[in-house]
Every structure is written in C-alpha cells, then in structure tokens.
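Report on the structure
As a plain string of letters, each chain reads:
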Amino acid sequence: MATSLTPPQQGKKSGLKPAGTLYRGREGMWSWVMHRISGVLIFFFLLVHVLDTATVRISPEVYDGVIAQYKNPVMGLGESGLVGAVVFHALNGVRIILVDFWHKGTQHQRKLFWGVVVLWTALMVPFLVRHLSIVFSH
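The structure reproduced in this document is the subject of the present report. (Residues numbered from 1 in each chain as written. Predicted model: local features only at pLDDT ≥ 70, side-chain atom pairs only at ≥ 80, totals over all residues. Heavy atoms only, no water.)

Describing the packing of aromatic side chains
We count it as follows: Only rings of Phe, Tyr and Trp enter the pairing, Trp through its six-membered ring, and a pair is recorded when the two centres are within 6.5 Å. The plane angle decides the type: under 30 degrees is stacked, over 60 is edge-to-face, the rest tilted. Relative accessibility decides the category of a residue: with a 1.4 Å probe and only protein chains considered, values under 20% of the type maximum give buried, values over 50% give exposed, and everything between is partly exposed.
If you walk through the whole model with that rule in mind, you get two aromatic pairs. Both rings, one in F43 and one in F44, keep their centres 5.4 Å apart while their planes meet at 65 degrees; by these two values the pair is edge-to-face. On the basis of relative accessibility, which here comes to 46%, the residue F44 falls in the partly exposed class. On the basis of an interplanar angle of 75 degrees and a centroid distance of 5.1 Å, the ring pair of F113 and W114 is categorised as edge-to-face. With relative accessibility at 46%, the residue W114 sits in the partly exposed group.

Given below as structure tokens:
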C-alpha cells in the first residue's frame, strides 16, 4: 500500500511529486508559502513602523528626518509591496477560515485559492495604477 510518504517506483513516471518530498507543488502548498512570506513581511514592516514612530519621543526633528527619508520612489515601491502583502494575507486568511470551518471547504480549497488570486489582482491593479502614478509624479 503506497502512502504520500512512499517514493514513486523506479521506472514508473509519476507527475504528482518529485521523489523525496512531501509537497506536490499545488495550490495548497503555494498558498501556505505565500501566507507565511506575507506574514513575515508584514511583521518586519510593523517592527520598523513602531521604531520610526518611537523617534517622535526622542525629538520631533529626528522623527521628521526619518519620515523625510521615506519620501522617495524606492519607498513608494515598498509601500506597494506592503499593500500587496497585506491584501493577500487578509484574503488568504479568509480562505483558510473557509477551508477550516465550511464543511465543503476542503473540497473547494483550490477554487478558493484561485478566487483569492483573482480578487487580489482585481484589487491591486487599480491601487497600483493610482499609487505608482502618484509616487513617480512627485
């Protein structure tokens, strides 16, 4: 009896997974990976945000200097990435809740993932057009 942990037979072609790995490279795995990456990026943003906001307690001039450093196109691109990470993390979190608590969630988890991708794209395209036009026009 073969299990998901059993490597494929020698000479037998298996399109499901590479030998020696538990992951099949499907939507569930990529959803898991992107959720973790977006969560880590959001965490680091929050850490930097707390630290730069704390400089106002040192002196308002230091705070103004730090904020002035953020007004450049590179940071504008970073803001775009941050918004993308937050939107994906939120939408994928709703998908995870549906998979966990909806009785048909596991049956539809692939469709839910692609729904997240489509909705993320539909939200991000107008945001990026507007945001990047502002970033690169100033």
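A look at the pattern of salt bridges
For the record, the criterion: By definition here, a salt bridge exists when the distance from a side-chain nitrogen of Lys or Arg to a carboxyl oxygen of Asp or Glu is within 4 Å. Under the scheme used here, helices are H or I runs from DSSP no shorter than 4 residues and strands are E runs no shorter than 2 residues, and both carry numbers assigned from the N terminus.
Evaluated as defined, the whole model comprises one salt bridge. Among the salt bridges present, the one from R110 reaches E27, with a minimum N-O distance of 3.1 Å. Here R110 is found in helix α4 (residues 109-137), whereas its partner E27 is found in helix α1 (residues 27-58), with 83 residues between them in sequence.

Digging into the packing of α1 against helix α3 (residues 73-101)
Using the following cut-off: Lines fitted to C-alpha atoms define the axes, with helix axes restricted to the stretch in contact, and inter-axis angles between N-to-C directions lie between 0 and 180 degrees. Note that the term roughly parallel is reserved for angles under 35 degrees, roughly antiparallel for angles over 145, roughly perpendicular for angles of 65 to 115, and oblique for everything else. Left-handed describes a crossing whose near helix is turned anticlockwise from the far helix by less than a right angle; the clockwise case is right-handed. Residue contacts are counted whenever heavy atoms from the two residues lie within 4.5 Å of one another. Residues are grouped as follows: Ala, Val, Leu, Ile, Met, Phe, Trp, Tyr, Cys and Pro are nonpolar; Asp, Glu, Lys and Arg are charged; all remaining types, including Gly, are polar.
α3 packs onto α1 with a crossing angle of 130 degrees between their chain directions and a minimal axis gap of 9 Å. The pairing of α1 with α3 is recorded here as oblique in orientation. Relative to α3, the crossing made by α1 is left-handed. Touching S31, M34, H35, S38, G39, I42 and F45 of α1 are L82, A85, V86, F88, H89, N92, G93, R95 and I96, all from α3. Grouping the constituent residues of the contact of α1 with α3 by class yields eight nonpolar, seven polar and one charged.

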